[in-house]
Amino acid sequence: MIRVFSKRWLKRKQKLKEKSKSVYTPETQKLSGDEFDSEIGKMAAFFAHEIRNPLTTIIGFTQYLEKEAIAKSETNIAQYSSIIREEANRIEYLIQELLTLSKLHLHNDNLTIIDVKHSLKKIITIYSLQFEKKNITFSTNLEGSLYISGNSNHFERLVINLIKNAGEAIQKDGTISVEAVKEPHKNIAIYIKDSGPGIPKEQLESIFHPFYTTKDEGTGLGLPICKSIVETMNGNLEIWSEPNEGLQIKITIPESKHTSIDV
């Protein structure tokens, strides 16, 4: 079944390439890109579900084995079982990230009015405590009355991912600055900047590609998910970096016309 789906996807991809070569209007190329993203999403969801079924069995039997007397009495068996469970849980996390990436474009439900300042202050409070051991502090400039429309859970996940990345980029003794302001043309701009080492230009060009990562334990899906979340809110995400000057991210999202809870 996997081979059949792969052949269908590759055949579809080739057709889209041929179509984009023969038709050069921006409208057609945009349509081709949307169709291609849709096919990628379908493929990701298919493989994620197919992998999750046997993985659930592996995790279940590993947990069962760890409760057995032989596992408790034999140090090696206990250690190996623990490793299997931990690695299986990592795969489970990766699958969840794939499913999130594949379905984000469909999640235009549960829309609410989001109080940007409130969400940012809550997340900053949480991560101020988590980053205390590394002596990382926050510098903030949050204007009042900043409201956008979207899925609040996705928006907070977006901010959490970016702040976690900023904290991971700083080895020790650094600052993360967060700014949220109103901009012309009725947009809300959120800036997140860290004092880490920055990212080389050649890596910066690939940073939004799925599975591209510079971290030993990274999945390479965090930033693509962030970009997709912003795009579902009709926004834009930009990144700048200079060596030894940290990384700066700008999120631009249209301001909501309302300030009540329900859209």
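Residues numbered from 1 in each chain as written. Predicted model: local features only at pLDDT ≥ 70, side-chain atom pairs only at ≥ 80, totals over all residues. Heavy atoms only, no water.

Draft legend 1. Highlighting the packing of helix α5 (residues 116-130) against helix α6 (residues 152-169). One can describe the packing of α5 onto α6 by two numbers: an axis separation of 10 Å at closest approach and a directional angle of 40°. Compared by their axis directions, α5 and α6 come out oblique. Remark: the crossing between α5 and α6 carries right-handed chirality. From α5, Val116, Ser119, Leu120, Lys122, Ile123, Ile124 and Tyr127 reach across to α6, where they touch Phe155, Glu156, Val159, Ile160, Ile163 and Lys164. When its residues are assigned to classes, the contact of α5 with α6 shows nine nonpolar, one polar and three charged. (Axes fitted to C-alpha atoms, helices over the stretch in contact; angles between N-to-C directions. Helix = DSSP H or I, 4+ residues; strand = E, 2+ residues; numbered from the N terminus. Parallel < 35°, antiparallel > 145°, perpendicular 65-115°, else oblique. Left-handed = near helix turned anticlockwise from the far one by under 90°. Contact = heavy atoms within 4.5 Å. Nonpolar A, V, L, I, M, F, W, Y, C, P; charged D, E, K, R; others polar.)

Draft legend 2. Quick look at the side chain of Lys250. Topologically, Lys250 is positioned in strand β7 (residues 247-254). Within the structure, Lys250 has its side chain in polar contact with the side chain of Glu183 (distance 3.3 Å). The residues contacting Lys250, other than those within four sequence positions of it, are Glu183, Ala189, Ile190, Tyr191, Asn236, Leu237, Glu238 and Trp240. (Polar contact = N/O pair within 3.5 Å; in protein donor to acceptor, adjacent residues only side chain to side chain.)

Draft legend 3. Geometry of the nonpolar core. Membership of the largest hydrophobic core comes to 41 residues, with the highest contact counts inside it found for Phe155, Leu158, Ile163 and Ile176. Only α5, β2 (136-142), α6, β4 (174-183), β5 (187-194), α8 (222-232), β6 (236-241) and β7 provide two or more residues apiece to this core. Tallying contributions element by element places α6 first for this core, with six residues. Among all residues touching Ile176, those that are not within four sequence positions of it are Phe131, Ile136, Thr137, Phe138, Ser139, Ile163, Ala166, Gly167, Ile170, Ile192, Lys193 and Asp194. (Core = buried A, V, L, I, M, F, W, Y, C linked by side-chain atoms within 4.5 Å. Buried < 20%, exposed > 50% of the residue type's maximum accessible area, 1.4 Å probe, protein only.)

Draft legend 4. Molecular detail of the packing of α6 against α8. In the contact formed by α6 and α8, the axes pass within 9 Å of each other and the chain directions differ by 145°. Between α6 and α8 lies a crossing of left-handed hand. Of α8, the residues touching α6 (which contributes His154, Phe155, Arg157, Leu158, Asn161, Leu162 and Asn165) are Gly222, Leu223, Ile225, Cys226, Ile229 and Val230.

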